[in-house]
Amino acid sequence: MRAGLGTDTSVGAVVPPIHLSTNYLFATPEQRGPYDYSRSVNPTRDLLNEALAALEGGAGASVVATGLAAVLLILETEVPQGGVVVCQHDVYGGTWRLINHLHQQRRLKARFVDFASPDFLPALDGASLIFAETPSNPLLRITDITAVVEASQGAKVVVDNTFCSPLLQQPLSLGADYVLHSTTKFINGHSDVVGGALVSRTAEDAERVKYLANAFGLTGSAFDSYLTLRGLRTLDARLRVHAANTAGIIDAISGHPALTALHWPGLPDHPDHDLAALQQSGFGSIVTIDLTGGRPAVDRFLDGLEVFHLAESLGGVESLVCHPATMTHAGMTQKARAEAGITDGMLRISVGLEAQEALISALVAALDRARVETR
Ligand code: PLP
């Protein structure tokens, strides 16, 4: 909440000013100040870097242009040419597409596995990097971070913490080497910035990441950093309303006959409920439903849906619904989607901050419509 407030020494602004200048003055060609060129280093981005590193308990953070830029950055930092990446099979579709692309290009060897299956341990043989996303997108499966770290056999462990944010889960304290965020989601929280961040546990790794973020030209803009820091100030307050609304929705739609499955780690019958209760300090506000009537039921659900917008992304103040098979996870092959458990009847819901009664009545009406043909 308070990151950077009251630190401005130029005019005493309470809210730290935005520094848009690309260039900074040199006294002589040899004498540069702490800032020289904005791709490399920028005071506004530095405030966000510091805030995210502090929240995650890391030694340093690099804010980059998108969440996927942070994925590319960790691959470039930790995976040598031809090195092995072991990645959860049910990650965000764009992450899967990027790692799969680099595999096709022979830049690295990707092994996509179910981290909860017996295939996980053998897959670690010779790995440079283990990529976990927990809770996973869109199935909300939970990976036991401590167990992955213990099994890692020298491979570095990165955890995509986008769904929880540092307020609900702190992977570095469980032994992970890096935490990755799409700050586009909860951290900014207002659906008006695309951004990412990579937080490192050690100062040495943070320096390597910072070097490559600049060398590859991945760093985030000052304006985006300013907006994201502004969004971050209300993260705690937003999460409390997200949580209350999600709890109300779960109560209202559990057991609805239009559902074959309701995926949310807060449900006692969720397969990873106990682990989520241990590892996280909240269950999050992303809920995934699977409709009994498959794709036709999805169309009936969406036709006339109120309050919720059909759109990609999640974690903003507004409630959204998305059809992963054709939207966020369209970049995966059909086979990979099937292996990850993503069905054509699945919808991912991002619960926003609107009045709870409005959200519940919109969802119940949509589920009633979805059910009609299946009776
Ligand atoms: N990680 C997760 C869990 C995501 O959901 C997303 C985007 O949806 C990303 C990474 C990629 O982030 P961005 O869209 O900011 O590039």
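Here's a quick rundown of the structure.

Parameters at a glance
- Residues numbered from 1 in each chain as written.
- Predicted model: local features only at pLDDT ≥ 70, side-chain atom pairs only at ≥ 80, totals over all residues.
- Heavy atoms only, no water.
- Near = heavy atom within 4 Å.
- Polar contact = N/O pair within 3.5 Å; in protein donor to acceptor, adjacent residues only side chain to side chain.
- Areas by Shrake-Rupley, 256 points an atom, 1.4 Å probe, with all protein chains shown as cover.
- Nonpolar A, V, L, I, M, F, W, Y, C, P; charged D, E, K, R; others polar.
- Helix = DSSP H or I, 4+ residues; strand = E, 2+ residues; numbered from the N terminus.
- Core = buried A, V, L, I, M, F, W, Y, C linked by side-chain atoms within 4.5 Å.
- Buried < 20%, exposed > 50% of the residue type's maximum accessible area, 1.4 Å probe, protein only.
- Domains from an automatic or database assignment.
- Contact = heavy atoms within 4.5 Å.
- Pairing = 2+ DSSP bridges.
- Axes fitted to C-alpha atoms, helices over the stretch in contact; angles between N-to-C directions.

## Details of the site of the ligand
Phase 1: Neighbouring residues of the ligand: 13 residues in total, closest Leu68, Asp160, Ser182, Thr184 and Lys185.
Phase 2: Here an oxygen atom of the ligand and a backbone polar atom of Leu68 are 2.9 Å apart.
Phase 3: Within the side chain of Ser182, one N or O atom sits 2.8 Å away from an oxygen atom of the ligand.
Phase 4: Burial of the ligand by the protein chains amounts to 91% of its free accessible area of 390 Å².
Phase 5: For the shell around the ligand, the per-class residue count stands at three nonpolar, seven polar and three charged.

## Side note on unusual backbone geometry
Phase 1: Looking along the chain, the bond that leaves Thr134 and enters Pro135 is cis, with omega of -5°.
Phase 2: When you line up the elements, Pro135 lands in the loop between strand E6 (127–133) and helix H5 (145–151).
Phase 3: In this model, Asn137 is joined to Pro138 through a cis peptide bond whose omega is 10°.
Phase 4: Locating Pro138 in the fold gives a position in the loop between E6 and H5.

## Concerning the nonpolar core
Phase 1: Judged by nonpolar contacts, the single largest core of 40 residues is most densely connected at Leu52, Val86, Phe115, Phe120, Ile130 and Leu232.
Phase 2: Ranked by the residues each element gives to this core, the list is headed by helix H1 (residues 43–56), at five residues.
Phase 3: For this core, the domains that each give at least three residues are domain 1 (43–232) and domain 2 (235–371).
Phase 4: Setting aside chain neighbours within four positions, we find Phe115 in contact with Val86, Cys87, Gln88, Phe120, Ile130, Phe131, Ala132, Thr143 and Val148.
Phase 5: Counting 33 residues, the second largest nonpolar core, distinct from the first, contains Val71, Val85, Val91 and Ile342.

## Remarks on the pairing of strand E8 (residues 178–182)
Phase 1: The element E8 is largely enclosed, with a buried count of five among its five residues.
Phase 2: Of the two faces of E8, the one holding Tyr178, Leu180 and Ser182 and the one holding Val179 and His181 are both buried throughout.
Phase 3: Pairing of strand E7 (residues 156–160) with E8 involves three bridges; the strand directions are parallel. Bridged to Val159 within E8 is Val179.
Phase 4: Strand direction decides the pairing type here: E8 and strand E9 (residues 196–200), joined by five bridges, are antiparallel. Each bridged residue has a counterpart across the sheet, and for Ser182 the counterpart in E9 is Gly196.

## Comments concerning the sheet that holds E8
Phase 1: Taken in spatial order, the seven strands of this open sheet run E3-E9-E8-E7-E6-E4-E5, and their pairing is mixed. The open sheet terminates on both sides in strands that have one partner only, identified here as strand E3 (60–64) and strand E5 (109–113). Going across the sheet, the axis of each strand differs from the next one's by a mean of 20°, ignoring polarity.
Phase 2: Where E6 lies against E7, five bridges are found, and the strand directions are parallel. Residue pairing for E7: Ile130 is matched across the bridge by Val157.

## As for the sheet that holds strand E14 (residues 346–350)
Phase 1: One open sheet accounts for five strands, arranged E10-E11-E14-E13-E12; its pairing is mixed. Only two strands of the sheet have a single partner each, and these edge strands are strand E10 (259–263) and strand E12 (309–310).
Phase 2: Relative to strand E13 (residues 320–322), E12 runs parallel, the two sharing two bridges. Its bridge partner lying in E13, His309 is registered against Leu320.
Phase 3: Sheet strands in contact with helix H10 (residues 294–302) are strand E11 (286–291), E12, E13 and E14, and its direction is about 125° off that of E11.

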